[in-house]
Amino acid sequence: MAKTAKQGGASQEGVSRSGSWMQRLRAKAQANNIPLHVMLELTNHCNVWCRHCYISDRPPKGELTLDEFKGILDQLAEAGTLFLTLSGGEALIHPEFFEIAAYAREKGFSLTLFTNGTMITPRVADRLVELCPQRVEISLLGGLAATHDQIMQTPGSFERALRGARLLVERGVFVQIKTTWMRQNIEEAQQIQSLVEEVGAASFRGAYMVIHRRDGSTEVADMRATPEQLRAVARRAYERLGEKGIPPEPEPLTEEQRRETSPCGAGQSSCCIDSYGNVYPCAAIDTALGNLREESFVDIWGGSQELKKIRAIRIADLPECSACHLFMRCSRCAGLAKMETGSLLAASPQACIVAHAFEDFFQEKRCELQ
């Protein structure tokens, strides 16, 4: 059975939990070719216009019908999927969202919802509670209203997102606040953390990778946090935690790890289905494996030659990354690497900047403490 170093570009924290029940479940699913987790994009339509969104501006015309979504959910249940994430665009803007979600619950899926939170009213919150979601993830892109609204390009979205989070927390829903750290908001990290606590969200997740758009546009590149800003984040962690905030020096990969370990979880035990029925190895890899209006899910999941090639990739196949001592601490995303360089096997320049910015700071502190 092949090992997996990272699940879809997960953080090092996630990688290190190899003994957790979820990691063991993923490993078993991978060994038995089971699509344990599927992200289902219900629509490309959205009520905000996030500057960094990876979905291109495509109209909802021609998207899957309610009956087609139900047919896909039937197929996923038959294939063994347990965890289903409903996403968009904005999933809640879909006119039949609750019909689709309720059917997914009937099929026994554990539901997660990705949302910008702005459409969560008391009535919507009540209906979401009835679905018993595993969690609802709400995007917060700034610690100040001006920053958040500027990134979402929608006045008032900050207050509506916080309102939505509060309504769900009040009803006992597990809410995770998440953000993508960019040069526009990374200086407001403390304000965002304070808002997470104020709202009462159960957890917070931040990501440093800004993914290029699926249409190949690279205009979001100017939103990435600078190395100086990243070092400032590491400095604040050190000031808060002292020596405990400095990770040990990274250990080099063994030859066995290079030969046997998959560099990420894309297509291993998870995949993404867009609102037109296209199946992708993950949300970031823009290679369509097939379309569910033309083929069954089982035929695509088990028979796609492109997917077999992706699953066969090992760390040793990455000429630059396999020799890098920071690989197991790097949030390299194969999809982003392909968008940046044209190759799934190349290093991601953006991931390299992030990894080295943090490690350079920590190495300086290790030397000072010797």
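Residues numbered from 1 in each chain as written. Predicted model: local features only at pLDDT ≥ 70, side-chain atom pairs only at ≥ 80, totals over all residues. Heavy atoms only, no water.

Considering the packing of helix α6 (residues 145-152) against helix α7 (residues 157-170)
And step 1. Here α6 crosses α7 at 100 degrees, and the two axes come no closer than 8 Å. In terms of their interaxial angle, α6 and α7 are classed as roughly perpendicular. When α6 is examined against α7, the residues Ala145, His148, Asp149 and Met152 are found in contact with a partner set consisting of Ser157, Phe158 and Ala161. (Axes fitted to C-alpha atoms, helices over the stretch in contact; angles between N-to-C directions. Helix = DSSP H or I, 4+ residues; strand = E, 2+ residues; numbered from the N terminus. Parallel < 35°, antiparallel > 145°, perpendicular 65-115°, else oblique. Contact = heavy atoms within 4.5 Å.)

Here we look at the pairing of strand β6 (residues 175-180)
In regular strands, side chains alternate between the two faces of the sheet.
And step 1. With six of six residues buried, β6 is to be regarded as a mostly interior element.
And step 2. What you see with β6 is no split at all: Val175, Ile177 and Thr179 on one side and Gln176, Lys178 and Thr180 on the other are buried throughout.
And step 3. For β6 and strand β7 (residues 203-207), the ladder comprises five bridges, and the chain directions are parallel. The residue of β7 that forms the bridge with Lys178 is Arg205.
And step 4. Regarding the hand of the β-α-β motif, the stretch spanning β6, helix α8 (residues 189-199) and β7 is right-handed. (Buried < 20%, exposed > 50% of the residue type's maximum accessible area, 1.4 Å probe, protein only. Pairing = 2+ DSSP bridges. Right-handed = clockwise from strand over helix to strand, strands pointing away.)

Regarding the environment of Ser194
And step 1. With respect to the helices and strands, Ser194 occurs in helix α8.
And step 2. Measuring from C-alpha to C-alpha, the distance between Ser194 and Gly143 comes to 8.4 Å, with 51 residues separating the pair along the chain.

Here we look at the packing of aromatic side chains
And step 1. Applying the stated criterion across every chain, the model contains seven aromatic pairs.
And step 2. Residues Tyr208 and Phe358 carry aromatic rings whose centres are separated by 5.4 Å and whose planes lie at 70 degrees to one another, so their mutual orientation is edge-to-face. One end of the pair, Tyr208, is in the loop between β7 and α9 (227-241); the other, Phe358, is in helix α14 (residues 349-369), and 150 residues separate them in sequence.
And step 3. Assessed through its relative accessible area of 23%, Tyr208 is described here as partly exposed.
And step 4. The class of Phe358 is buried, set by a relative accessible area of 16%.
And step 5. Grouped by ring-pair contacts, the aromatic residues Tyr208, Tyr238, Phe358, Phe361 and Phe362 constitute a single cluster.
And step 6. Stacked on the ring of Phe114, the Lys or Arg Lys178 has its end atom at 3.4 Å from the ring centre. (Phe/Tyr/Trp six-rings, centres within 6.5 Å; stacked < 30°, edge-to-face > 60°. Lys NZ or Arg CZ within 6 Å of the ring centre and 35° of its normal.)

Topic: the sheet that holds strand β4 (residues 110-115)
And step 1. Strand order in the open sheet made by the nine strands is β7-β6-β5-β4-β3-β2-β9-β10-β11, with mixed pairing throughout. Since the sheet does not close on itself, it has two edges, and those belong to β7 and β11 (290-291), each with one partner.
And step 2. Packed onto the sheet, helix α3 (residues 66-79) meets β2 (37-41), β3 (83-87) and β9 (270-273) and runs at close to 175 degrees relative to β2.
And step 3. The strands touched by helix α4 (residues 97-106) are β3 and β4; relative to β4, the strand with the most contacts, the crossing angle is about 155 degrees.

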